[in-house]
Each structure stands twice: as structure tokens, then as C-alpha cells.
Amino acid sequence: MPAMSADTAPPVPSAPTPARTAITLPVEGMTCAACATRIGRALGRVEGVEQADVNYATHRAVVTYDPGRVDLQAMRTKVESIGYAIPDVVDDEAAYRDRDRKLLRSLFTAAILTVPLLLISMLMPLQFEGWEWLAAALATPVIVWSGREFHRNAAINLRHGSVTMDTLVSMGTLVAFGWSLAALTLDPADYHVYFEVAAVIVTVILLGRWFEHRAKGRSSQAIRRLLELGTKTARLEDGREVAVEALAVGDRFVVRPGERIATDGVVVTGESAVDTSMVTGEPVPVDVAPGDGLVGGTVNEGGRLIVEATRVGAQTVLARIIEQVAQAQGGKAPVERLVDRVSAVFVPIVLLIAAGAFTLALLTGVPIGDAVTRAVAVLVIACPCALGLATPTAIMVGTGRGASLGVLVKGAETLEATKRIDTIITDKTGTITRGEMSLADVIAADGVDLRPIAAAEDASEHPVARAIAAGLRARLDGAPLPRVSAFANVPGRGVRATVDEHEVLVGRRGWLSSEGAVSSDHLVEALQAQESRGRTSVVAAIDGVAVAVLSVEDTLKDGASAAVAAFHDLGLRVLLVTGDNPTTAGVVAETVGIDEVIAGVLPGDKADVVARLQSEGHTVAFLGDGINDAPALAQADLGIAIGTGSDIAIETGDITLVSGDPRAAADAVALSRRTLGTIRSNLVWAFLYNVAAIPLAAAGALNPMIAAAAMGFSSVSVVANSLRLRRFRGWRAA
């Protein structure tokens, strides 16, 4: 199972290459964005590590490295040397609950003691002689016990020669608390005490961290819901029940009505209806029979099935979906790396500003108590938790919402690419069309019995013949077909059959003419009309007389026209690039409203088309599904793969559409743009907040308690703004 599983050792290898690979590592001990930056720098200095992206929101590091030069133990040792840890095994749900309990205990204790402390300190009628000593007694557990995490982390970091956000919180509260103790021992009448300030700072920041923790837990629900779709056991044919992890490719297992499919497989015996909404988003169950493929996690709603496993473990569709979501939420957009660089120098600058404000206040005659207040306010207001949460929370919520809509974003960098897209190229077969032939039209002479033609085609295995046979069976309402006594395929031409002692020919018009079949002008005109519409057409003759023209076509997907309209609404130019003939491609493009067609293109040439448009200054997205689309998906600035297509296309694309509906591509672009917009609004708020508030605090215009409340509010507001992405309903709402 992937990295988010509770039963898995945390390092999750992504697709390795001979020279480099990547793993996702959980990291313990992070409390702020600066921690993530520091861990990332430390891992980056390990010889053999090419890149380390540490995400404060997910408490995970994605490390790209050369396995021939460095191993996991070296990385663990490096992280431990700076005061953090990489655990051997992680249970995300248990770790979340444990963290939640610890935060609640600390917050509850702090709140219970801070409320009376604040009332006594702020309301004159409640004060009595020596009330300051009671205030000290109430504040001490808050500062020492509830705030212990801040002090411990600050001490660890200082011991390693660095400062973090916890340094600001710890110094702010300890300075206020220490000064108040000194004033208490000197003469409270001459010096003001700030016990309530220190206690309120701890309480408010703990409250903010608890809100952030809950928000991060909610934004990870998409992964937990995906995990819940899997089953724990499978029932083998012999009746034994085994763990899903014990299944191997080729094993056969039983799925009874109402049960979930244990793993990806193919139906061996039985027929049923399967709820595939998990992967397709469609509410209508899909009928399955022997030979049909199944996805693990979908629900068998009908009869008993025996299924042969084709993919197990990390190779299943569900496992790959979970891994992609986890990796996307753990990644970093380029804009977040900018934030990391800013945070790395932010704390030292704040410490200098606090020291400068304190010194300047003393030099200008400000009482020492007020000077301490200014320094404490600067330290508190500057804590840039909002800055550190601005990007990862938006990415987590956005990618989680995308997963619930069937849109899987592989990496955070994808979000940046979608903003610049001005052109989208789409493949035809399997992307705009279903990729399956179906009977489109039948033009027959009056009184012709179609059953002999259906019987002849039903005996053939050719895709066009199968489509014609299926279509004619539907038109005949299940009427029994006559007996075929002789049958022969004529490669490249058609079929010859004897049906109820009549000779039936179905195939190309030229072949029928060479066999002496006579065609009427009406049928010739019908054939030409069908071919002009881009359809594949054949002629049927009975006993040497042409009696019908049958046309098949690759039908459009239900959402094809709506998808193209959505692309236009998003300001995109739409091109159709296909290896099909110009006539067929032109008809498809005209039907769905595509702007331009490039037909007869070889697989490698699709990538060349993308490159040409890029050289002209366009930023290009490519939407495709087949193995032949992989080069173009890789070449494009944004590759969007149809999830029902080939594995190679899915691996190459930046975004995967699980449902196969091209309309989801518009959702992907719109959601990515909305997510990036949320990141930018978060960053603007966080930067402006710190830029505006620090000078006010240094000038003495902000009380430390107000500063603590404002700092906590800024973090909560950033998280709340990110959570708005959960309400995204599709491109029409963008």
C-alpha cells in the first residue's frame, strides 16, 4: 500500500530511474515553516541527495536522491542531528489523534488558568493586595507546562545554531514572564507585570495550532476516504479467506453481491452489475461478464462473480490514486520554495527588530516596562505561521477536492503551469470519442431481411463486423439469427457466408463488384454520403445483389461538446491532433466545435506539433489517452491523461482524469487556477500582515495580547481561505 497506509513503513518509492529515485518520509518534531526549511536544507547537504522538499502542512519530506551514493539511514542521521526525527513506521490516523489529544490537553489547561488570570489583571474591582502573586501562580503552569513545546523546540534549535518560529514564541513569553517575576520581587507598585500577556500568548497560539491541526486533518480526508474503499480480506475459490496483501496475480477469488472487489482483476465466471462510481463518477452500474475488467474497491451489486487478480498491492488503480494524491499534497510549488527562502532569514531579522525596538525605547526615555512590552509584541506578531501555511494548506485542500472530483494532480508544480495555459491539444480516439466502433446507420432496399447479414457478420471476429453484428442484433430486438453453414474471412475485403442456402457478401464495394454483385445507384449514393461524413461503410449483397449499406463510426463521448465549450469559456484555443483521416477528423471537430484540426499525424509527430506551438510562444496542454500520446504528454507544458487509457499515458501526464470524461479536463484547469489564486491571496495576506504589524508593534502601538490574538487570527484566516476550495463544484463555478 502507499505511504498513507497505517500498516506501511513510511518511505514510499516513486517510479525509480537508474540514476535517481524519490521517497516520501514522515518527519517528527516540526512546529513551523522554518522547521521545514531547516530540515530541507539539512537533507540537501547530504551527499547524493539532489532535492528535498519538506512540507510543514503534511509533516513529510519528498527526497530525490541517488541510491548508489546515499541511503535512508544517512538521511535519518542527518535529520536527527538537527533535532528532528524520521520514524521507522508511521500510523497517520493514530499520530493525528495523539497530536490532537496533546494539543487539547495543553490548550484546556492554558485556557482554564488564563481566563481568571486575565480577569484579575484587567479588571480593577477584582484586584486585591498581593494579587500579582496569584497571577504569577496562575501563569506559571501555562508558561512552563502548556508552553513546554515552544521552549523545548526553541532550545533544540538554538543548540544547533538556528532559530525558528518557536524561538519567537518562546522568547516572547519568557521575556514577559521573566520581567514580571523580576518586577514582582522588586516592587509591583513601581513596575507593571505582564503575566497575563505571556499566558494569553501561549493560549492563543495553542488555539491557533489546534485549529490548524484540525484543518489539516480535514483536508487529508480525501486520502482517508480512498483508503476506506479498499478491502482487508479476499475469499478464494476454495473458501479460504486471506488478507488482500497475500493475493498474487493469477489468484482467483469470489465476490458476492454487495461486496467490494478485493483487487483489480478480470471476470472469469458470472455476470453482474458493478458500481464503478469510485473511479468513473457515474451513478449507473456497469454490466460485467466473463472477460470484463474490474477495479479493486468498486462494489458488486448483482450476481456472484469469480475474479482473477491482474494487479495487486501498489499496482492497483486505487493504490496508485492514493499515492498520487499523497505525493501531490506533499509536493511544493515554486512559489512555496520562495516562501521557504524568505522564512529562512525572517526570524533573525525579527530578533534584530525586537532588540532594536527595546534599545531605541530605552534611549528615548521610554520606561523599561514599556520597552519590554514593545519587544514582546514584535516577537509575537512576527510569528509567520500564516506565511508557512499559505501554500501547503491550499495545495492539500485543492488536490484533495480534485481527487473527490476524479482529478488527480501529480505534483504541486502543475498548479503553476495551468495558470499560463493558452492552448489545449486533444487526441481524438479514446479522448473525444469512445474508441469503440458502433453501428451508425443502415440504408437498405425495401423489404430486405437484415437477419442473414447479421448472421454473417456475427461469425466474424473483425472489429467492424462485431460492431455491425451488435448493432443489427439491437435493431432486430433479439430475433434469432439464421444458421450459417459456411463462412470465410477475405482479409482486407470482407466476409463470405452461406446463410439458409443464400450467399451473403459483406465488405468493400470494390470487392463486391469484383465478385459480380450488382449495386443500385441509390445505394452507391448512400455509400458516398456516409463516407463523406467520415464513417466507415461496407456494402452487403445477398445472392449477387447489393441490398444494404452499413456504416460504423467511433461515437463521440457524451461530454465531448461540453468539454470543448468549457475550454473556450476558460479562454483556451482548442486543437484536434489525430492519426485519423482528415475527413473523419474534420467531421468530429465540426461537431464538437474544435477550432483547428491536424490530421494524419504519426505518434512522434504529435510531440512535434506541441513543440512547434511552444516555439511560437504558446503554453500548451495536451489531452490524450493512448501509448501513442505519451511523447506529446511529456512534451506539453501540461499533460492531461485520460484515466481509462493506457498506463504509459497516465504515468506521463501531469494530471489524470479518473473518469475518462473530457469535461473533467476543464475541471482540472479551473480547480488548479482556483488553487493557485488561493495560494496567492494567502501569501498577499500573510506578507501584508507582517509588513504592517511589525512596525506598529515596534512603535508600541500593539499590546502583546492583541498581537498574539492577531497572529493567531491570521493563521486561522489563511487556513479558512484554503478550505473554501472544498466548495469547488466544477469549471462553471470557476
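Before reading further, recall that the structure is shown in the block above.
Residues numbered from 1 in each chain as written. Predicted model: local features only at pLDDT ≥ 70, side-chain atom pairs only at ≥ 80, totals over all residues. Heavy atoms only, no water.

Overview of the overall build of the protein
Threshold: Only DSSP runs of H or I with at least four residues qualify as helices, and only runs of E with at least two residues qualify as strands; both kinds are numbered from the N terminus onward. Here's how the labels work: a residue is buried when its accessible area is under 20% of the maximum for its type, exposed when over 50%, partly exposed in between, all with a 1.4 Å probe on protein chains only. Contact criterion: two residues are considered in contact whenever any of their non-hydrogen atoms come within 4.5 Å of each other.
A count of helices and strands for the protein gives 25 helices and 25 strands. Taken over 734 residues, the protein has a buried fraction of 53%. In the protein, once contacts between residues fewer than 6 apart in sequence are set aside, the share between residues at least 24 apart is 69%.

Digging into helix α19 (residues 560-569)
Put simply, the test is: Read the arc as the range of directions from the helix axis to the C-beta atoms.
Inspection of α19 places Ala560, Ala563, Val564, Ala566 and Phe567 among the buried residues, and these make up the whole buried set. Angular distribution of buried residues about the axis of α19 spans 155°; they occupy a single face of the element. Directly beyond the C-terminal end of α19, a positive phi value near 80° is found at glycine 571.

Structural notes on the environment of phenylalanine 177
In this structure, phenylalanine 177 sits in helix α6 (residues 165-186). On a C-alpha basis, the gap between phenylalanine 177 and alanine 136 in space is 8.5 Å, while along the polypeptide they are 41 residues apart. Once residues lying within four places of it in the same chain are set aside, the contact partners of phenylalanine 177 are Ala139, Thr140, Ile143, Phe195 and Ala198.

Structural notes on the sheet that holds strand β18 (residues 502-507)
As a reminder, the rule being used: Between any two strands, pairing holds if DSSP finds at least two bridges. A fitted line through C-alpha atoms represents every axis, and for helices the fit uses only the stretch in contact; the resulting angles, taken between N-to-C directions, go from 0 to 180 degrees.
The strand order across the open sheet formed by 6 strands is β15-β20-β19-β18-β17-β16, and the pairing between neighbours is antiparallel. Taken across any chain shown, the strands that pair with only one partner, and hence form the sheet edges, are β15 (433-444) and β16 (484-490). Going from strand to strand, the sheet's axes swing by 20° on average, the running direction of each strand aside. Here β18 pairs with strand β19 (residues 536-542) via 4 bridges, running antiparallel. Within the sheet, the bridge partner assigned to valine 506 lies in β19 and is alanine 540. Relative to the sheet, helix α15 (residues 451-458) contacts β16, β17 (494-499), β18, β19 and β20 (545-556), its axis offset from that of β17 by approximately 120°.

Quick word on α15
The buried fraction of α15 amounts to 6 of the 8 residues, a majority that puts the element mostly inside the structure. Buried within α15 we find Pro452, Ile453, Ala454, Ala455, Ala456 and Glu457. Residues of α15 that are buried sit in contact with α16 (463-475), β16, β17, β18, β19 and β20.

Thoughts on the pairing of strand β4 (residues 233-236)
Side-chain alternation along β4 places Ala234 and Leu236 on a buried face and Thr233 and Arg235 on a face that remains uncovered. Relative to strand β5 (residues 241-243), β4 is paired through 3 bridges, and the arrangement is antiparallel. Of the residues in β5, the one forming a bridge with threonine 233 is alanine 243. The antiparallel hairpin formed by β4 and β5 contains 4 residues in its connecting segment, where glycine 239 sits at a positive phi of about 95°.

Some details on the packing of aromatic side chains
This is how it is decided: Within 6.5 Å between ring centres, the rings of Phe, Tyr and Trp (the latter by its six-membered ring) count as paired, and their orientation is classed by plane angle as stacked under 30 degrees, edge-to-face over 60, tilted in between. Two conditions define a charge located above a ring, namely a distance within 6 Å from the ring centre to NZ of Lys or CZ of Arg, and an angle within 35 degrees of the ring normal.
As enumerated under the stated definition, the model contains 1 aromatic pair in all. On the basis of an interplanar angle of 70° and a centroid distance of 5.8 Å, the ring pair of phenylalanine 177 and phenylalanine 195 is categorised as edge-to-face. Highlighted residues: phenylalanine 177 in helix α6 and phenylalanine 195 in helix α7 (residues 195-219), separated in sequence by 18 residues. A residue is classified by how much of its surface remains accessible, and phenylalanine 195, at 0% relative accessible area, is buried. A cation over an aromatic ring shows up here: arginine 148 above the ring of tryptophan 145, its NZ or CZ 4.1 Å from the ring centre.

Some words on the environment of valine 407
Among the structural elements, valine 407 can be located in strand β13 (residues 407-409). Judged by its relative accessible area of 2%, valine 407 is buried. Excluding residues that lie within four positions of it along the chain, valine 407 makes contacts with Gly402, Ile655, Thr656, Leu657, Ala664, Asp667 and Ala668.

What to know about the pattern of salt bridges
What counts, and what does not: What makes a salt bridge here is a side-chain nitrogen of Lys or Arg within 4 Å of a carboxyl oxygen of Asp or Glu, nothing more.
In total, this model carries 17 salt bridges according to the counting rule given. Across the pair aspartate 238 and arginine 240 runs a salt bridge, and its minimum N-O distance is 2.8 Å. Assessed through its relative accessible area of 53%, aspartate 238 is described here as exposed. Judged by its relative accessible area of 48%, arginine 240 is partly exposed. In this structure, the salt-bridge partner of glutamate 308 is arginine 252, at a minimum N-O distance of 3.3 Å. Taken together, the positions of glutamate 308 in strand β12 (residues 305-311) and arginine 252 in strand β6 (residues 252-255) put the pair 56 residues apart, joining distant regions of the chain. On the basis of relative accessible area, arginine 252 is assigned to the partly exposed category, the value being 36%. Each of Arg235, Glu241, Arg256 and Glu259 takes part in one network of salt bridges that share partners.

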